[in-house]
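# Reading the structure
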Amino acid sequence: MRIAVVGSGYVGLVTGTCFADLGHEVVLVDNDEKKLAALRNGEVPIHERFLPELLARHRGERIKFSGDLQAATRESEAVFIAVGTPPTESGDADLSYVESVAREISGGVDEYTVVVEKSTVPVYTSQWIRTIIMRNGADPSSFDVASNPEFLREGMAVTDFLYPDRIVVGVESERAAEVMREIYGPLTSGWYYGRGDAIPRPEAAKAPPRLIVTSTKSAELIKHASNAFLAMKISFVNAVASICESVGANVQQVCDGIGTDSRIGPRFLNPGIGYGGSCFPKDLMAFRAVAKESGYDFRLLEEVIRINEDQRRRFLRKVRSVLWTFRGKRLGVLGLAFKGGTDDIRESPALLLVQELLREGCHICAYDPAAMERAKEVLKSGVEFAADAYEAAEGADALLILTEWEEFASLDLERLRTLVKYPIVLDGRNLYDPALMVEHGFSYYSVGRPAALTEELPARILPQKRERA
Ligand code: UDX
């Protein structure tokens, strides 16, 4: 099929590149000439596993880059809208980029074209896109609008696209459904997985995936409801971790116990310093706003958001309770990205904590395998940046682990012990076994588990177990 993808960000670039790997002819459209030039000469602007290989495989052949959306629409059978939908002040999704793209598409709709909303958009958006395209002169019989939400995790987006748990398509006509079935045919038929050069199959893959065909409104709601449920699961486990801290239980053991229930499942039950990223925070606010607009007051989402923000405050209190005072303290910080495996710092709890610690007068020496360039633009000169985790730990009054990078879970603890000023580790992502840390001479504090100490601390510091009345 001939496909246009509008927007070359995290979603658009991965979508276009993966469609090319499925055998489609793709035009990736962007209004930023600098981005297009960089893509044409082989740069890969985002940190995504397998993206460089697939782009190199198809650049100039199956995937081309253009700034002319009308021409791209004219020569395509489907146009995927994958532009940003950032939150406005009030928390609603800003759909102005979607609207301007829809307006431009209407000028290129000649042959029957399916216009597909790939960006995460509130329910009813597909109806607005249809209205805008007709208002700008397109013949209603020459196009349909479909919803095809993405479920891509940053850092894993190519794998998530090619080995999805399911593909959701929202359409209002059988003709549009047929086009979408053909586009995803290489996956739903299993043909792609038989190819020698398919990207590696993850263990949990359900290949070939099911194609769920539903209405556009249901497809739009599936996306918001999925993200809201996942964020709720994280806030739920973080709340349970706080209760574990109060009673002296171990949240890892509690999560093992609940996660083995097949109705709950073990994934997304990792307590930490809260979720971040460009999706969960934004999507929860948008879903809450959409629910309110449609007459439902979805207060549960407010509690999910509150618990998430409180998680950072709790961790900051823990750091203070261990250091006594902040001013002038040198802290080693491991991790700035919102999660391991990505260079993205948007709504990163790690970055928000670093900014809070700077405000408290700490000296921060931070290391992140991929996010330091982006973090420098935000933190400016307030933070020292280290070449590796050990340099960040040098002379530290305490070492903080704030992002779940795999490499932070297998540090040389003997070497680390010789570098820190005091053997104190506060781990916001529960990467270590407390007993192992004590064996290596560290006092180790984590989330939802008892502190493992190698030093005497004033009794009042640690959360008191509530004595039964
Ligand atoms: C998410 C959804 O997973 C994806 O389906 C959707 O398309 C986009 O939003 P993403 O934001 O890239 O993907 O990252 P994800 O892996 O979901 O993690 C989100 C945040 O939750 C990160 O800050 C991560 O550290 C945190 N997290 C995740 C936890 O704190 N605990 C967990 O168990 C899992």
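Here goes a summary of the coordinates provided. Remember, predicted model here, so these are calculated numbers, not experimental data. (Residues numbered from 1 in each chain as written. Predicted model: local features only at pLDDT ≥ 70, side-chain atom pairs only at ≥ 80, totals over all residues. Heavy atoms only, no water.)

## Considering the nonpolar core
In this structure, Leu334, Leu336, Leu357, Ile364, Leu400, Leu402 and Leu426 are the most contacted members of the largest nonpolar core, which totals 55 residues. Within the second largest apolar cluster, 50 residues are counted, among which are Val116, Ala157, Val158 and Ala177. (Core = buried A, V, L, I, M, F, W, Y, C linked by side-chain atoms within 4.5 Å. Buried < 20%, exposed > 50% of the residue type's maximum accessible area, 1.4 Å probe, protein only.)

## Notes on the packing of helix α9 (residues 216-247) against helix α11 (residues 280-293)
Remark: α9 packs on α11, axes separated minimally by 9 Å, with the N-to-C direction vectors making an angle of 120 degrees. In terms of crossing hand, the pair formed by α9 and α11 is left-handed. Of the residues in α11, those touching α9 at Leu221, Lys223, His224, Ala225, Asn227, Ala228, Leu230, Ala231 and Ile234 are Phe280, Asp283, Leu284, Ala286 and Phe287. Per-class residue counts for the contact of α9 with α11 are 10 nonpolar, 2 polar and 2 charged. (Axes fitted to C-alpha atoms, helices over the stretch in contact; angles between N-to-C directions. Helix = DSSP H or I, 4+ residues; strand = E, 2+ residues; numbered from the N terminus. Left-handed = near helix turned anticlockwise from the far one by under 90°. Contact = heavy atoms within 4.5 Å. Nonpolar A, V, L, I, M, F, W, Y, C, P; charged D, E, K, R; others polar.)

## What to know about the pattern of salt bridges
Applying the stated criterion to the full structure yields 29 salt bridges. Across the salt bridge formed by Arg103 and Glu99, the nearest N and O atoms sit 3.4 Å from each other. Placement of the pair is Arg103 and Glu99 together in helix α5 (residues 96-106), with a separation of 4 residues, close to one helical turn. Linking Arg320 and Glu360 is a salt bridge whose minimum nitrogen-to-oxygen distance equals 3.0 Å. Here the residue Arg320 occupies a position in helix α12 (residues 299-323), and Glu360 occupies one in the loop between α13 (349-359) and β10 (363-367), the gap between them amounting to 40 residues. Overlapping salt bridges bring together Asp21, Arg57, Arg195 and Asp197 as one network. (Salt bridge = Lys/Arg side-chain N within 4 Å of Asp/Glu carboxyl O.)

## Thoughts on the pairing of strand β13 (residues 424-427)
Because side chains alternate across β13, one face comprises the buried residues Ile424 and Leu426, and the other comprises Val425 and Asp427, equally buried. When strand β12 (residues 398-401) meets β13, the two strands line up parallel, connected through 3 bridges. The partner of Leu399 across the bridge, within β13, is Val425. Assessed by its sense of winding, the connection that carries the chain from β12 through helix α16 (residues 413-419) to β13 is right-handed. The pairing of β13 with strand β14 (residues 443-445) spans 3 bridges and is classified as parallel. Note on β14: the bridge partner recorded for Val425 is Tyr444. One crossover worth recording links β13 to the parallel β14 by way of helix α17 (residues 434-439), and it is right-handed. (Pairing = 2+ DSSP bridges. Right-handed = clockwise from strand over helix to strand, strands pointing away.)

## With respect to the site of the ligand
Taken together, 19 residues surround the ligand, and among them Glu154, Lys223, Asn270, Phe338 and Glu404 come closest. Glu150 places a side-chain nitrogen or oxygen 3.1 Å from an oxygen atom of the ligand. Contact between the ligand and Glu154: an oxygen atom at 2.6 Å from a main-chain N or O atom of the residue. Broken down by element, the shell around the ligand gets its largest block of residues, 3 residues, from α9. (Near = heavy atom within 4 Å. Polar contact = N/O pair within 3.5 Å; in protein donor to acceptor, adjacent residues only side chain to side chain.)

## Structural notes on the packing of helix α1 (residues 10-21) against helix α3 (residues 51-58)
Running from amino to carboxyl end, α1 crosses α3 at an angle of 55 degrees, the nearest separation of the two axes being 9 Å. Judged on the interaxial angle alone, α3 and α1 are oblique. The way α1 lies across α3 gives a crossing that is left-handed. Taking contact as the criterion, the partners of Leu13, Val14, Thr17, Cys18, Ala20 and Asp21 in α1 are, on α3, Leu51, Leu54, Leu55, Arg57 and His58. (Parallel < 35°, antiparallel > 145°, perpendicular 65-115°, else oblique.)

## A short note on the packing of aromatic side chains
Enumeration according to the criterion identifies 11 aromatic pairs in this entry. Ring geometry for Tyr163 and Tyr193: centres 5.0 Å apart, planes at 40 degrees, overall tilted. In this pair, Tyr163 sits in the loop between α7 (157-162) and β7 (166-170) while Tyr193 sits in the loop between α8 (174-188) and β8 (210-214), placing the two residues 30 residues apart along the sequence. This pair shows no difference in class: Tyr163 is buried, exactly as Tyr193 is. Consider the rings of Tyr275 and Phe280, whose centres lie 5.7 Å apart with planes at 90 degrees: the pair is edge-to-face. (Phe/Tyr/Trp six-rings, centres within 6.5 Å; stacked < 30°, edge-to-face > 60°.)

## Examining the side chain of Lys118
Looking at where Lys118 falls in the secondary structure, it is placed in the loop between β5 (113-117) and α6 (125-135). Glu150 provides the closest opposite charge to the buried, salt-bridge-free Lys118, at an N-O distance of 7.1 Å. Among the polar contacts made by the side chain of Lys118, one reaches the side chain of Asn148 at a distance of 2.9 Å. A distance of 3.3 Å separates polar atoms of two side chains, one belonging to Lys118 and the other to Tyr184. Residue contacts for Lys118: discarding those within four places in its chain leaves Val11, Thr15, Phe80, Ile81, Ala82, Asn148, Pro149, Glu150, Phe161 and Tyr184. (Lys, Arg positive; Asp, Glu negative; His and termini not counted.)

## Overview of α3
Buried within α3 we find Leu51, Leu54, Leu55 and His58. Seen end-on, α3 carries its buried residues on one side only, within an arc spanning 100 degrees. Where α3 is buried, its residues meet α1, α2 (33-40), β3 (63-66) and α7. Just beyond α3, the residue with positive phi is Gly60, at close to 80 degrees. (Arc of directions from axis to C-beta.)

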